[in-house]
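# Topology and contacts: notes
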Amino acid sequence: MPDPYGDYRSILGPTMRNVPLVLWQYLHALFIIYLCLFSGRGIETLLPVAIPGSILGMLLLFALLASQLLPVHWVKPGCHLLIRYMALLFVPISVGVMNDMDILTAQFAPIVLSCIVSTLIVLVTVGLISQRLNDRHIKRAGDGNE
């Protein structure tokens, strides 16, 4: 008598064997990410400057990845998981903002003004820097042709 589950066992068999490996990759990646986060929070307590520990942890993770001390494939599964569910992670923040709506409405004009001014400062700064870099590039290209 033929095995009624034969076809399915051949399909599901290898994937079920990979489940512990995939779980290990996720746990390993998330452990490294959280280790950088908690290291950043520890560094925050040592610094006299008020920089959030999460930012310091992100900078630490970036430095480890950029210097290739930490292989990218170690943290990639955890990063993909966090990015995939990023919208869901913003729900508590949105609810918190809605709870403080009275403060936001009272400070609406200064918030909008600071957003507009900071955007204009960034636009002007980036424009001037890119214009200088472009002029320098054109000048060097002109010197090379002569």
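Residues numbered from 1 in each chain as written. Predicted model: local features only at pLDDT ≥ 70, side-chain atom pairs only at ≥ 80, totals over all residues. Heavy atoms only, no water.

On the surface, a cluster of nonpolar side chains totalling about 820 Å² of accessible area is made up of Ile 83, Met 86, Phe 90, Ile 93, Val 97, Met 98, Met 101, Leu 104 and Ile 111. Within the residue set of the nonpolar patch, elements represented by two or more residues are α5 (91–99) and α6 (101–106). With three residues, α5 is the single largest residue contributor to the nonpolar patch. Under the relative-accessibility criterion, Leu 104 is labelled partly exposed at 32%. (Patch = residues over 30% accessible without salt bridge, like charges linked within 9 Å, V, L, I, M, F, W, Y side chains within 5 Å. Areas by Shrake-Rupley, 256 points an atom, 1.4 Å probe, with all protein chains shown as cover. Salt bridge = Lys/Arg side-chain N within 4 Å of Asp/Glu carboxyl O. Helix = DSSP H or I, 4+ residues; strand = E, 2+ residues; numbered from the N terminus. Buried < 20%, exposed > 50% of the residue type's maximum accessible area, 1.4 Å probe, protein only.)

Of the volumes computed, that of the largest pocket is approximately 640 Å³. Lining the largest pocket we find 19 residues, and of these Ile 33, Leu 37, Met 58, Leu 82 and Leu 89 sit closest to its centre. If you list the elements that add at least two residues to the lining of the largest pocket, you get α1 (6–46), α2 (53–66), α3 (72–84) and α4 (86–89). The element best represented in the lining of the largest pocket is α2, accounting for seven residues. In terms of residue class, the lining of the largest pocket is built from 16 nonpolar, two polar and one charged. (1 Å grid on protein atoms, 1.4 Å probe; cavity = no way out; pocket = protein on both sides within 12 Å on 5 of 7 lines; lining within 4 Å. Points joined across faces, edges and corners; volume = space filled by probe spheres on them. Nonpolar A, V, L, I, M, F, W, Y, C, P; charged D, E, K, R; others polar.)

Attention now goes to the confidence of the model for the chain. Residues with a pLDDT of 70 or more make up 87% of the chain, whose mean pLDDT is 86. Within the chain, α1 has the poorest average pLDDT of any element, 81, and α2 the best, 94. When the criterion is pLDDT under 50, residues 3–8 qualifies, and its contacts beyond four places in sequence or with other chains add up to two contacts. (pLDDT = per-residue confidence, 0-100. Contact = heavy atoms within 4.5 Å.)

Bringing α2 into the picture now. With 14 residues, α2 extends 19 Å from end C-alpha to end C-alpha; this agrees with the ideal 20 Å at 1.5 Å per step. All of the buried residues along α2 are Gly 53, Leu 56, Gly 57 and Leu 61. One side of α2 carries all its buried residues, which in axial view fall inside an arc of 140 degrees. Pointing more than 90 degrees away from the buried face of α2 are the exposed residues Met 58, Phe 62 and Ala 66. Positive phi appears at Gln 68, one or two residues downstream of α2, with a value of about 60 degrees. (Expected span 1.5 Å × (residues − 1). Arc of directions from axis to C-beta.)

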